[in-house]
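Understanding the architecture of this molecule
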Amino acid sequence: SNERYETRLAELTQGNIQVRYTPTQKLGFGLSLSHFSWPDLLREEFGTPSQDLVLHGRVERAEVSAWYKFTPKLKISARTDYWIDQSNNGEGGQLGLDWTDIGNLGLSLSTAVRFNTGSNTDGYGYRVEARKRWGQELDTYLGYDLYTYKTDSFGSGTSSTYTRQTIRGGVDWSHKDW
């Protein structure tokens, strides 16, 4: 449609601010804030959002994170976030552990547990990943992610629970300036 909902010439539809503070080599903190609203565009690649969504829709998010290195090779990290949109709110969090260069072999392990609440889903999960450096030019990784979530059936009073399992792997190659 060629109909516009708003008459403003310009507006901020997406903004991100991130601040990190590292007082010592062992300790760090982070804060990030983000804003998203739906722009009033005369484009239809992804369908036309409703007038109410364009005029009132928004997602505001705040996240706080921290990490601490027990040793140069062992680090714990935590983050929590809170979000709010035009009709709901929720939160999430994650606690992780990273162990780098195990046995001076170029092998690293990362693991994390996490949770989140959303407008239509609530879930929790676990992730583990191994990384291996082979010389100066080749990195490989293999990871597993387990996520269990419950969906809201949009007002019918029933919900469903699902489990998603993902295996990821990859190879990264670099050579001099490439």
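Provided above is the structure to which this section pertains.
A few points on the structure.

**Considerations on the overall build of the chain**
- When you go through the chain residue by residue, the secondary structure sums to one helix and nine strands.
- For the chain, the α and β elements follow one another from N to C terminus as β-β-α-β-β-β-β-β-β-β.
- Counting contacts in the chain only where the partners sit at least 6 residues apart, residues at least 24 apart contribute 39% of the total.
- As presented, the chain carries roughly 12800 Å² of accessible surface, and 57% of it is formed by carbon and sulfur atoms.

**Describing the pattern of salt bridges**
- In this structure the tally under the stated criterion is seven salt bridges.
- Linking D139 and R133 is a salt bridge whose minimum nitrogen-to-oxygen distance equals 2.5 Å.
- Across the pair R168 and D145 runs a salt bridge whose closest N-O atoms are separated by 3.8 Å. A residue pair is termed long-range when its members are at least 10 positions apart, and R168 in strand β9 (residues 159–173) and D145 in strand β8 (residues 138–152) qualify at 23 residues.

**What to know about the environment of T121**
- Considering the arrangement of structural elements, one finds T121 in strand β7 (residues 121–134).
- Given the relative accessible area of 27%, T121 is considered partly exposed.
- In sequence terms T121 and D152 are 31 residues apart; their C-alpha atoms lie 6.1 Å from each other.
- In contact with T121, not counting residues within four places along its chain, are N116, Y149, K150 and T151.

**Let's talk about the sheet that holds strand β4 (residues 74–85)**
- Read from one edge to the other, the open sheet built from nine strands follows the order β1-β2-β3-β4-β5-β6-β7-β8-β9, with strand pairing classed as antiparallel. A single partner strand is all that each edge strand has here, and the edge strands are β1 (14–24) and β9. Put simply, the sheet's adjacent strands are angled 10° from each other on average, direction ignored.
- Pairing between strand β2 (residues 27–37) and strand β3 (residues 58–71): eleven bridges, direction antiparallel. The residue bridging F29 from the neighbouring strand is A66, located in β3.

**A short note on the pairing of β7**
- When strand β6 (residues 107–117) meets β7, the two strands line up antiparallel, connected through eleven bridges. Each bridged residue has a counterpart across the sheet, and for V113 the counterpart in β7 is Y126.
- Here β7 pairs with β8 via 14 bridges, running antiparallel. In the strand pairing of β8, G125 is matched with Y147.
- Connecting β7 to the antiparallel partner β8 that follows it, the hairpin turn spans three residues, and G135 within it adopts a positive phi of roughly 70°.

Rules used throughout
- Residues numbered from 1 in each chain as written.
- Predicted model: local features only at pLDDT ≥ 70, side-chain atom pairs only at ≥ 80, totals over all residues.
- Heavy atoms only, no water.
- Helix = DSSP H or I, 4+ residues; strand = E, 2+ residues; numbered from the N terminus.
- Contact = heavy atoms within 4.5 Å.
- Areas by Shrake-Rupley, 256 points an atom, 1.4 Å probe, with all protein chains shown as cover.
- Salt bridge = Lys/Arg side-chain N within 4 Å of Asp/Glu carboxyl O.
- Buried < 20%, exposed > 50% of the residue type's maximum accessible area, 1.4 Å probe, protein only.
- Pairing = 2+ DSSP bridges.
- Axes fitted to C-alpha atoms, helices over the stretch in contact; angles between N-to-C directions.

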